[in-house]
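Next come the chains, spelled out residue by residue.
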Amino acid sequence: MFTDAVEILDERFKRLVFGNVRLETLWTGGRWLEGPAYFAAGKYLVFSDIPNDRVMRFDETNCVVSTFLQPALNHNGHTVDREGRLVSCEHRGRCVSRIEHDGRRTILADRFEGKRLNSPNDVVVKSDGSIWFTDPTYGIDSDYEGDAAPSEIGASHLYRIDPATGAVAAMATDFVKPNGLAFSPDESTLYVSDTGASHVADGPRWIRAFAVGADGATLSGGEVFATCAFGLFDGFRIDARGHLWTSAGDGVHCYAPDGALIGKIRAPETVANVCFGGPKRNRLYICATSSLYAIYVNAREAPRPVRPA
Ligand code: MG
């Protein structure tokens, strides 16, 4: 009934995929693709090709992929903020930056307690304008995806940039290598992956779930939500009904809000990150090693909660 790309593990997944829809290969030729972010107004997707030090753009109107930014300071994760601006994690810049509407680059965070960040990896903007990002060492571990350097902080944390003051606060300090992150549709839960198994034998290969405090600026909990059965969870997104669509070694794994693995979109290459796009935000873009893939699903990106008064 379903194409080869779809693997049903739970009846609930059948409602999220289509029987006649295939995985499309949109582009190939990268080395390690990451950081997809969709610009609805421009009908295009940007994504990183980290080792090639470039950010690419897929134009939905003509299906052309072109270079968006090069050199790109080895950008990794991207997101689009509420004002439609690109927010970037820069490995080589060792910072989180933003491209303003006039094209200028603003550095939003490059230090914590006076020490340089490691290499920001992935980022999300909350409805209150706060910016949450992870800071593992992948961009300073070698010269392949950044500039090799020792960690000044000596650890890899989850951080929040305050929208009013710009202050950078550590929100969780017990990660080995924090990586992808996303809020639940109502922003009551923050999910953060830990890919520490890349550095520590039998280390973390899971996604944790934190309860977000009523003030939107505190976290509690942090228990393991799901453990990756194949490869590592890198980046992920959450749809409007709370399903978590995450990267994994053999494709995209889809989890129900209760933590059950309900299905997979199999991909021919290791997946690093995904992003909803298209006019209805029901097209799942997939950054997988050397290639950009996409598949239409019966799920869509959650509309952002109304900004608090
Ligand atoms: Mg990542």
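Above this text sits the structure in question.
Residues numbered from 1 in each chain as written. Predicted model: local features only at pLDDT ≥ 70, side-chain atom pairs only at ≥ 80, totals over all residues. Heavy atoms only, no water.

> Please clarify how the sheet that holds strand E20 (residues 219-227) should be interpreted in this entry.
Whether parallel or antiparallel, the strands of a sheet pair through hydrogen bonds between backbone atoms. The four strands are arranged E17-E18-E19-E20 in an open sheet whose pairing can be described as antiparallel. Among the strands making up the open sheet, the edge pair consists of strand E17 (178-183) and E20. Going from strand to strand, the sheet's axes swing by 25° on average, the running direction of each strand aside. For E17 and strand E18 (residues 189-194), the ladder comprises four bridges, and the chain directions are antiparallel. Bridge assignment links Phe183 to a residue of E18, and that residue is Leu190. (Pairing = 2+ DSSP bridges. Helix = DSSP H or I, 4+ residues; strand = E, 2+ residues; numbered from the N terminus. Axes fitted to C-alpha atoms, helices over the stretch in contact; angles between N-to-C directions.)

> Can you help me understand the sheet that holds strand E13 (residues 123-125) in this one?
The strand order across the open sheet built from four strands is E13-E14-E15-E16, with neighbouring strands paired in antiparallel fashion. The open sheet has two free edges, formed respectively by E13 and strand E16 (168-172), since each of these has just one partner strand. Each strand axis lies, on average, 25° off the axis of its neighbour in the sheet, ignoring direction. Inspection of the sheet shows strand E15 (residues 158-161) paired to E16 by four bridges, in the antiparallel sense. For Leu158, the partnering residue across the bridge sits in E16 and is Ala172.

> Sorry, what's going on with the layout of surface pockets here?
If you roll a probe as big as a water molecule over the atoms, it shows you where there is empty space left. Here the largest pocket is characterised by a volume of approximately 700 Å³. Considering the residues around the largest pocket, the lining is formed by 32 residues, among which Thr79, Val80, Glu301, Ala302 and Arg304 are closest to the centre. Elements with a minimum of two residues in the lining of the largest pocket: strand E3 (33-39), strand E7 (75-80), E13, E17, strand E21 (236-238) and strand E25 (273-277). Across the lining of the largest pocket, the residue classes tally to 19 nonpolar, five polar and eight charged. (1 Å grid on protein atoms, 1.4 Å probe; cavity = no way out; pocket = protein on both sides within 12 Å on 5 of 7 lines; lining within 4 Å. Points joined across faces, edges and corners; volume = space filled by probe spheres on them. Nonpolar A, V, L, I, M, F, W, Y, C, P; charged D, E, K, R; others polar.)

> Explain the pattern of salt bridges to me, please; I cannot follow it from the model alone.
The full count for this structure, using the stated rule, is 19 salt bridges. Where Asp49 meets Arg54, a salt bridge forms, and the shortest distance between an N and an O atom there is 2.9 Å. Considered together, Asp49 and Arg54 belong to a single accessibility category, that of buried residues. Among the ionic contacts, a cluster of salt bridges with common partners joins Asp81, Glu83, Arg85, Arg98 and Glu100. (Salt bridge = Lys/Arg side-chain N within 4 Å of Asp/Glu carboxyl O. Buried < 20%, exposed > 50% of the residue type's maximum accessible area, 1.4 Å probe, protein only.)

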